Amino acid sequence: MTDQPTLLLLTRIAAALDRLAPPPPAPVDLGDADAFVWHPAPRAGEGGTLAPVPRVSRVAIALLKGVDRQRDILLENTLRFARGLPANNAMLWGARGMGKSSLVKAAHAAANQETPGCLALIEIHREDIRTLPELLNQLRGQARRCLILCDDLSFEKEDADYKALKSVLDGGIEGRPDNVLFYATSNRRHLMPRDMIDNERSTAINPNESIEEKVSLSDRFGLWLGFHNCDQPTFMAMIDGYAADLDLPIDPETLHAEAVEWSVTRGSRSGRVAWQFIQEMAGRLGVAKTVSA
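Let us look at the structure shown here. (Residues numbered from 1 in each chain as written. Predicted model: local features only at pLDDT ≥ 70, side-chain atom pairs only at ≥ 80, totals over all residues. Heavy atoms only, no water.)

Some words on the sheet that holds strand β6 (residues 180–186)
One open sheet holds the 7 strands; their spatial order is β2-β1-β4-β5-β6-β3-β7, and the pairing between them is mixed. Strands with a single pairing partner mark the edges of an open sheet, and in this sheet they are β2 (48–52) and β7 (223–227). Taking the axes of each pair of neighbouring strands and ignoring which way they run, one obtains an average angle of 25 degrees across the sheet. Note: strand β1 (residues 35–40) against β2, 5 bridges, orientation antiparallel. (Pairing = 2+ DSSP bridges. Helix = DSSP H or I, 4+ residues; strand = E, 2+ residues; numbered from the N terminus. Axes fitted to C-alpha atoms, helices over the stretch in contact; angles between N-to-C directions.)

As for the packing of aromatic side chains
Overall, the coordinates contain 3 aromatic pairs when judged by the stated rule. With a centroid separation of 6.2 Å and an interplanar angle of 40 degrees, the aromatic rings of F182 and F221 are classed as tilted. With F182 in strand β6 and F221 in the loop between α7 (207–219) and β7, the pair connects residues that are 39 residues apart, well separated along the chain. Given the relative accessible area of 3%, F182 is considered buried. (Phe/Tyr/Trp six-rings, centres within 6.5 Å; stacked < 30°, edge-to-face > 60°. Buried < 20%, exposed > 50% of the residue type's maximum accessible area, 1.4 Å probe, protein only.)

Some thoughts on the pattern of salt bridges
Counted according to the given criterion, the structure contains 8 salt bridges. D72 is paired through a salt bridge with R71; the nearest N and O atoms lie 3.1 Å apart. Judged by its relative accessible area of 22%, R71 is partly exposed. The closest approach of N and O atoms between R284 and E258, which form a salt bridge, is 3.4 Å. On the criterion of sequence distance, the pair formed by R284 in helix α10 (residues 271–285) and E258 in helix α9 (residues 252–266) is long-range, its members being 26 residues apart. (Salt bridge = Lys/Arg side-chain N within 4 Å of Asp/Glu carboxyl O.)

Section: the pairing of strand β3 (residues 90–94)
Of all 5 residues that make up β3, 5 are buried, and the element is covered over most of its length. Residues of β3 alternate between two faces, with A90, L92 and G94 on one and M91 and W93 on the opposite face, all of them buried. Relative to β6, β3 runs parallel, the two being bridged by 4 bridges. Along β6, the bridge assignment pairs A90 with Y183. Note: β3 against β7, 5 bridges, orientation parallel. Its bridge partner being in β7, A90 is matched across the sheet by L223.

Examining unusual backbone geometry
Positive phi outside glycine occurs at D152, with the angle close to 60 degrees. By secondary structure assignment, the location of D152 is in the loop between β5 (145–150) and α5 (162–170). In this structure D152 comes out as partly exposed when scored by relative accessible area, which is 45%. The phi angle at D247 is positive, at roughly 55 degrees, despite the residue not being glycine. Inspection of the secondary structure assignment puts D247 in the loop between α8 (232–246) and α9.

Regarding the environment of A243
As for its position among the elements, A243 is in helix α8. The exposure class assigned to A243 is buried, which follows from its relative accessible area of 9%. In this structure A243 touches L248, L255 and I278, once residues within four positions along its chain are discounted. (Contact = heavy atoms within 4.5 Å.)

Topic: helix α2 (residues 68–82)
Its 15 residues give α2 an end-to-end C-alpha distance of 21 Å, which sits within 8% of 21 Å, the value for a rise of 1.5 Å per residue. Inspection of α2 places Q70, L74, N77, T78, L79, F81 and A82 among the buried residues, and these make up the whole buried set. Of the residues flanking the end of α2, it is G84, one or two places downstream, whose phi is positive at about 90 degrees. (Expected span 1.5 Å × (residues − 1).)

These values are about where atoms sit, not about what they do.
Listed below in structure tokens is the structure:
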């Protein structure tokens, strides 16, 4: 039998360990907002938190020009998921500043406009992708449907984080919860640098097998939507759409001339460059109105 002093000592040790142990994570309440940011715990296995986002930074889907096909496909996929129907994980890849993440946020807003509160948008940062299984464990069994977005996703050499994503997309025993869909944006089609693929292909005994594991990650996205640099007419359509929405007091000829000069100084044409130009013009003209969301 344990004597009294030893029992007291063990009790004190147990109490001290309880104080040192992290508090259990608060239960997830997806009714707090329509959008959240995932913040993993400092140590693996300790859960994490979903921070509500009171106001999402986005523009109305009608203002996204030059991506009509991509818009229609992603919107249909998102609405199907929001309605409880089968839908695919999606990879939006291609040129910078052409509205990849803006389209995801706009599709989310459109789904909630059709059925208020049907869909929660959850952002997970690239550096936290290894904790994706922990996030899914918190979302599993929730009544509300969740769209997870990882913006600017890519992997470098010797980066093993892609394995967590790979197993979640359609592998592993548990798989992806029925109430969760995953969207990612990237500048790379295969989420890894081209020189890495070429290097592994040139030095491997069996080149195809050497890169199969990493490249097959992209194959696990049911939808691949490519975004490409826009031409001058599309760029001007973006400018006109934003200007009309803000009611900028400027004639179209002057606006276009200023836009051409702006794009030349920036060395590119894209939705992001168009938006930055409109911000500049709104400031010059004293227009404080914000773009429609």
